[in-house]
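Observations on the three-dimensional arrangement
Chain residues, written in single-letter form:
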Amino acid sequence: MVANSTGTQLAIGCEDGSVKIFQVVPGGIQFERNLDRRKGRVLCLSWHPSDTHIVAGSIDFFRVIDVTSGQTVQRIMVNYHVEKAKRECVVWAIALLSSGTVVSADSFGRVQFWDWEQGTLAESHTVSTSAVLSLAVAQKEDSIIVGTSTGATYHLQLLPVRLGGLEKRWVRTKPFQFHSHDVRAVAHSPTALISGGLDAQLVIRPLMEKVQKKSYDAVLRKFTFPHRRLVSCARKARLLLFQFSQYLELWRLGSTEETGKDGEVLPLCRMPEHLVQLKSKGPEHIYSSCVSPCGTWLGYSTASRFQLYRVHCDGDGVSLRKVPKVPKLLPPAYQLQFSADSESLFVASARGSVHVFQLLEPGGCKHLHTLRPPSGCSEAVYLLAPSADGHWLAAVSGDWAIHIYNLKCFKHHCVVPTYDCAVSAIAIHPSTNNLVIAYSDQQLFEFSIPEKQYTSWSRTVQSRGLHRAWLERDSPITHITFNPKNPSHILLHDTYLLCVLDKSLPLPDDSALLMNQSTLKQLPETARKRQLHAFKICKKFQPLLFMDLLDKNCLVVVERPIMDFKTQLPLPVQQKKFGT
Amino acid sequence: MVSPGALRVVRCGGGGQRGARAVFSADSKYLLYASGDFVKVHSVNTEETLLLLCGHADLVTGIQLNPHNHMQLYSSSLDGTIKLWDFMDGIPIKTFTVGPKLLALYALASAEDSVFVVIPKKGERDTFQLVSVKLTKGAGQDLEGKELSVVLDGVGASPKQIAFGREDSYVVSVKDVNLQVYFFKLKLLNRFSLSTAKTKGGDNSFSCVVCHPTEDCIATGHADGKIRLWRNFHHKKAYTYSALHWHHDTVMDLAYSLEGTRLLSGGVESVLVQWHNESSCQKDFLPRLGSPIECISMSSDGILCCTLHTDNRISIINSNLRFSRSIQGLIKSRDVKTGLVVDPRTKALVLNGEPGHLQFYSLQSDQQLFSLDIVQRQYIHQAGLKQSELVKVAFSAQGTWLATVEESEEVADPELQLKLWFYSEETQSFALNTRINTPHDNHITDMCFRDMAELGDDSLILVTTGRDCVFKVWVMVEDSDPEAHQSVSWSCDFVGSYHNYQATNCCFSEDGSLLAVSFEETVTVWDSLTWELKCTFCHPPGNIRNICFGRLTCSKYLIGATDYGFLCCWNLLTCALEWSAHLNIVVLQPDPLSEHIAAVSWLSKESSLFVFKPSEPWPIYIQRNLCKEKILLAAFVPRDEPEMISSEKYCWLRKSQLFFLTDTQELMTLSTKSLEERLTPSSKQLAVEESLPMTPFSVLLGKHRRQQAQEDTDLGKPVVHNKQEQASPAVKELLHTPAHVLPSASFLCTIFINSLLISKENKSAEEVADEVEMESEKAEDDSDEEDVTAMEQEDTSHMELLGEMTCKLSKSQEKELRKIRKMDYSWISAF
């Protein structure tokens, strides 16, 4: 399924060999017509940049279809040159360049360049011994990235054969081996190559020659985990809700009565308990989920539906009951959040609106209000943060604006000054009602809601600047909580580290060591005082999914070791590695 | 210059090529490569050495064909000169003195009168620069080439680390992890560097570089075995490269095919890899080339390619990657442990060759006769792997038996094997007869055969000495087992020891009745019939390093050399020390055909040769400063026919020739003849003959000429024609000899005029008839005449080179030598 360059038409290739054209109309699509149907499933499609032709790849051949007449104008067997080809050759990816060159990537590991009008093969590059699965062309059509089933991606460039000469040729240049499994999707941005594969990683590889200076963009980035909250915690009931793609799991945490020293594993007096697994109906993925702090309410939403459940804990048994007559929401909820007193539910929705539901005992709910930004907003809200006293609600929408609403009067309170970066986490301090904001470029802000301005600490941070090592981290802060015992402590975490930010301590400068906890331990008391700075970082965790404070001296941390799901992946393509 | 009468040291084989790529002549018939101080010209078809271009005083570092004249060759040397040769005739045309050491040479077609050389930068150690040298045009033969202009700084010292790109528009140099490209026209210098971090155990540093012949593409080889293909390198940032990876160790050299569609690479794996179209998936291999590949070069027509190997072998490979032939002289092995042994049957020199092999090297033809696999195990190239190595070799006097000892490299517990091989007449090779596992408990130090022709096979005895403090005597026994394949096998007969000392050397007397075995400081003499100890000698302090018996008239003497620098001669009849001398003897080698013994001493970085008779306490011949290198081994090789040597001093060379092997594995010999004589004239003829290419035109022309000759005879004008024919040798000589070696025109004039005159002798009728016949065989005659010219030419060059100095030097030298002899009487003071 590919849209044309102007986005007015959509071409869809079908298993039966037909290509259907749909008209894109506001709010939906409309079937326009069928193009010439030939035998063989259509596996990939590409529009010509001028929208006059479509090229469709199938098994053993691809064809070029004239969009206006709907006729197949050229049909090229990709396997023609290979003698005694027993296996079928699957064209997995195809691209039609403006010059009339068709680039095909097939299961023999070849990237071939065809002149479709003549039907001749211009160049053939055998990039890999295994199949080439994906292909992306740069906007300027001088660079191509292909992904293969061995997890390697290859970069092809159109280079002049001779210095200053006009003759140009495609040359396979750099191979990248970032993935362990199939690379199913690749994209080519002006400055970077982006690839995603079956091994659940997204890799952004910047093109050094296109990046002017060393900056945030010039670093190779790998993403394994989504930057979203997948775990929610009922603090009072000590429950954890895990969101999987098709189901939810509710666990009761174990507990211990003993205390011990640093590094000791304490014996559990109560084992963690798997309470219930809730499967969602239909094929849709669960988009967001939440459990209320008291542990009696549970909600999740998929692309089309929103469900609310009442959790009954009677002794050891747990039962779920669906809350009837949940108001229909259109479009779906992007984020769910219960208020601290578990009496209301906030549902983030499209166009910057937040719906507020009142939860009724013994199992009902009522739509109370819809909060909307005053100026209107086209993007959906994706982050919500209610204050502990139930007075305020902060909502972040896709245009990175943070709106703060007063919940007592359901009124828009203010907007946090816009910062040109995506918000990765927000939280409202329970005692001071300061909103702490973490941006994806690792900047931290503190905004006082009652005073509608940045706090003085936040200003100091901005004037001093954060530590370079902190800014150069590549995974954003995904969750923020506060230490109830010490209001100056902010707990932050990203995928790899847990950080306690102590506002009372001085900020480190670039010469100081950012991660100094281990060195501090060895120092005597007086020297340690001098070395202390605001960031106390702990990196001992395996990939961190979630962290929250249960009560004053109990912190729950959810790890997700990479090996856990690596073992669940299908076997990668077997490759002989020299020297093993 | 040494007068022909005096002895001179002649390098006759071995030595290294030292990284300079070989060069094919323009017609791909000859292969030229630098070997030591010489440039060798080989015929590609016959594998023969045709010419040796000698004239450089130090190592030749680079050779290049003159791009403007394909019959000429530039060569550069560490002696700071560039020479221009006519390699077909072996004549130096010009010598340009540059001054500093020249490490590499590049000649470009676009640069009319300059070549590029790599020289060390003044005032800085280990930094080198690429400079262009303007070759001045002058009349004389010796010219100055002092006009230097620096092109690139900080280049590598190896000639493989610089390459010139398409149409000589740019030059690339690589060193460590840096690559620099200089564009001549744009005057643009681009530098790129790879990360120095050794990621995943790989080493990014560059080893060699070549440029694509038609496209702007640079191929670089790396220490971790990768080949990178660089493109777009005229952009500082948008440059890009792709990598090919097959080699597991350093890529030693790369070569592009003529069109640039194929890339050849070679390394330590001794596999030639051919990459097609820069694709990592399409590649061909030519494995089992025998030894690590050091250099690859392509012929100009792209039909042949040649690889130089680290062990001095040269392989010539077809364009379809099929092994064509190899030129192998003395194979360089890692360590010559066997010593120099002469095969009595073929008179070939026998020593370690390829790992685990024994090479038979023919001294006459400078070729390897064959290689005998002794260890019979696959050699795996890998650092730190313990290999079995051949350490000792001995032949019986008739060459029918060969004994070999191999041991694994482990020092503490060596795995020893003694193998006995019998020469089978049918297969014309050695066949394994007996294998003895662990013949000694520790390293075997020496081994020798006793056999006497008069006593027949029964007298054959093998003695081995070991560090386990015993010597063992092995004899042949009849195999009683009727099912055995062979009738005889070997087994141990006697084990002897002396005071629990380590046995170090053993030696039989000429008649075989006595066996001398040295045990550390003591030499013991045993009766070989009863195996009882006859007597002992020692000359403390110091362990015995070498022992040998005197021969022929001197067979009553036993000679020994000790660690503490003494050469002792004991009389076996009186059991007393006859004489001794203070000399640090490294090699002690008796001549099997005379009573002479050669001893090579090593003192203060020079080797000296002493030849003496045991009966006389003063040497017959002394040559101080034989060569700069340390001489490790020596051998007397019997001559096929005794050479006529007039001088009394060199009579010891009459029956056999002395060869030395230095620590750089160069084979040297002492010769009274000059070098040029050593090369057989026949090969020179070949050179002239082959220089006329067999083109369709020449065939046509030949036919036409023959026809014409036929017509001439038919017309009855044989006499006139014949006169022209007669005159032609002188004219031909005039025309064929290069202009710069010709005598003055006034001298030539008379000869020329004379040749045109009609000879006075009246020819008889028979003669005329004969001549008619001759004319029908004109083709052959022609070639004969050419032979004559070739010979003459050679002679003239000899005269020029050597003629003037002959008489003078021989006198003065004799005087000097006499002086030395007088002075050297003092060294026998220890007696």
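Conventions used here
- Residues numbered from 1 in each chain as written.
- Chains lettered and ligands numbered in written order.
- Predicted model: local features only at pLDDT ≥ 70, side-chain atom pairs only at ≥ 80, totals over all residues.
- Heavy atoms only, no water.
- UniProt positions renumbered as here; feature names shortened; annotations may be inferred.
- Pairing = 2+ DSSP bridges.
- Helix = DSSP H or I, 4+ residues; strand = E, 2+ residues; numbered from the N terminus.
- Axes fitted to C-alpha atoms, helices over the stretch in contact; angles between N-to-C directions.
- Contact = heavy atoms within 4.5 Å.
- Salt bridge = Lys/Arg side-chain N within 4 Å of Asp/Glu carboxyl O.
- Polar contact = N/O pair within 3.5 Å; in protein donor to acceptor, adjacent residues only side chain to side chain.
- Nonpolar A, V, L, I, M, F, W, Y, C, P; charged D, E, K, R; others polar.
- Buried < 20%, exposed > 50% of the residue type's maximum accessible area, 1.4 Å probe, protein only.
- Arc of directions from axis to C-beta.
- Phe/Tyr/Trp six-rings, centres within 6.5 Å; stacked < 30°, edge-to-face > 60°.
- Lys NZ or Arg CZ within 6 Å of the ring centre and 35° of its normal.

Taking an unreviewed UniProt entry as the reference, chain B is identified by name as WD repeat domain 75 belonging to Serinus canaria. UniProt, in the comment section headed Subcellular location (unreviewed entry), describes chain B in these words: "Nucleus, Nucleolus".

Under an unreviewed UniProt entry, chain A has the name UTP4 small subunit processome component and belongs to Serinus canaria.

To continue, consider the sheet that holds strand β46 (residues 533-538) of chain B. Residues and elements named next belong to chain B. If you walk across this open sheet you meet the four strands as β43-β44-β45-β46, and the pairing is antiparallel. The open sheet has two edge strands, β43 (503-508) and β46, and neither has a second partner. Strand-to-strand, the axes of this sheet are offset by a mean angle of 20°, without reference to chain direction. Pairing of strand β44 (residues 514-519) with strand β45 (residues 522-527), which is carried by six bridges, proceeds in the antiparallel orientation. Looking across to β45, one finds that Val-517 is bridged to Thr-524.

Counting residues at the interface gives 23 residues for chain B, matched by 20 residues for chain A. Run the count over chain B and chain A and you get one salt bridge. A salt bridge links Arg169(A) to Glu215(B), with the shortest nitrogen-to-oxygen separation between them at 2.7 Å. At the surface where chain B touches chain A, the tally comes to four residue pairs in polar contact (both at pLDDT 80 or more). Per element, the largest residue contribution to the side of chain B that touches chain A is five residues, and it comes from strand β22 (residues 240-245) of chain B. A per-class count over the side of chain B that touches chain A returns eight nonpolar, eight polar and seven charged.

Residues and elements named next belong to chain A. In space, the four strands of this open sheet follow the order β5-β6-β7-β8, with antiparallel pairing throughout. Both outer strands of the open sheet, β5 (44-47) and β8 (72-77), are each paired with one neighbouring strand and no more. Going from strand to strand, the sheet's axes swing by 15° on average, the running direction of each strand aside.

It is worth spelling out unusual backbone geometry at this point. Of note in the backbone geometry, Asp60(A) takes a positive phi value of approximately 70° without being a glycine. With respect to the element layout, Asp60(A) can be found in the loop between β6 (53-57) and β7 (61-66). Residue classification places Asp60(A) among the partly exposed residues on the basis of a relative accessible area of 22%. Despite not being glycine, Thr438(B) shows a phi value in the positive range, around 45°. Of note, Thr438(B) is situated in the loop between β38 (429-437) and β39 (444-450).

A few words now on the pattern of salt bridges. Under the defined criterion, the tally for this structure stands at 23 salt bridges over all chains. With a shortest N-O distance of 3.5 Å, Arg313(B) and Glu354(B) are connected by a salt bridge. With Arg313(B) in strand β29 (residues 313-318) and Glu354(B) in the loop between β32 (349-352) and β33 (357-362), this residue pair connects regions lying 41 residues apart in the sequence. We note that Arg313(B), like Glu354(B), is buried. Counted as one network, the salt bridges with shared partners bring together Arg169(A), Glu215(B) and Arg231(B).

Turning next to helix α1 (residues 456-464) of chain A. All names here are of chain A. Where α1 is concerned, the buried positions are Trp-457, Ser-458 and Val-461. Each buried residue of α1 lies within a common arc of 100° when the element is viewed along its axis, so the set occupies one face. Counted as exposed and oriented over 90 degrees from the buried face of α1: Ser-456 and Ser-463. Residues of α1 that are buried sit in contact with β39 (444-448), β40 (453-454) and β43 (498-502).

The UniProt record annotates "repeat: WD" (unreviewed entry) at residues 53-95 of chain B. Counting secondary structure, residues 53-95 of chain B comes out at 0% helix and 65% strand; the distance between its end C-alpha atoms is 13 Å.

Residues and elements named next belong to chain B. By the secondary structure assignment, Ala-431 is in strand β38. The spatial distance from the C-alpha of Ala-431 to the C-alpha of Ser-195 is 55 Å, given a sequence separation of 236 residues. Leaving out residues up to four positions away in the same chain, Ala-431 has contacts with Leu-420, Trp-421 and Phe-422.

What follows covers the packing of aromatic side chains. The full count for this structure, using the stated rule, is 46 aromatic pairs over all chains. Taking 5.0 Å as the distance between ring centres and 15° as the angle between the ring planes, the aromatic pair formed by Phe113(A) and Trp170(A) counts as stacked. With Phe113(A) in strand β11 (residues 110-115) and Trp170(A) in strand β16 (residues 168-177), this residue pair connects regions lying 57 residues apart in the sequence. Across the pair, exposure class does not vary: Phe113(A) and Trp170(A) are buried alike. With a centroid separation of 5.3 Å and 90° between ring planes, the pair formed by Tyr439(A) and Phe445(A) is classed as edge-to-face. Grouping residues by exposure puts Tyr439(A) and Phe445(A) together as buried. Note that Arg345(B) overlies the ring of Tyr423(B), its terminal NZ or CZ placed 3.8 Å from the centroid.

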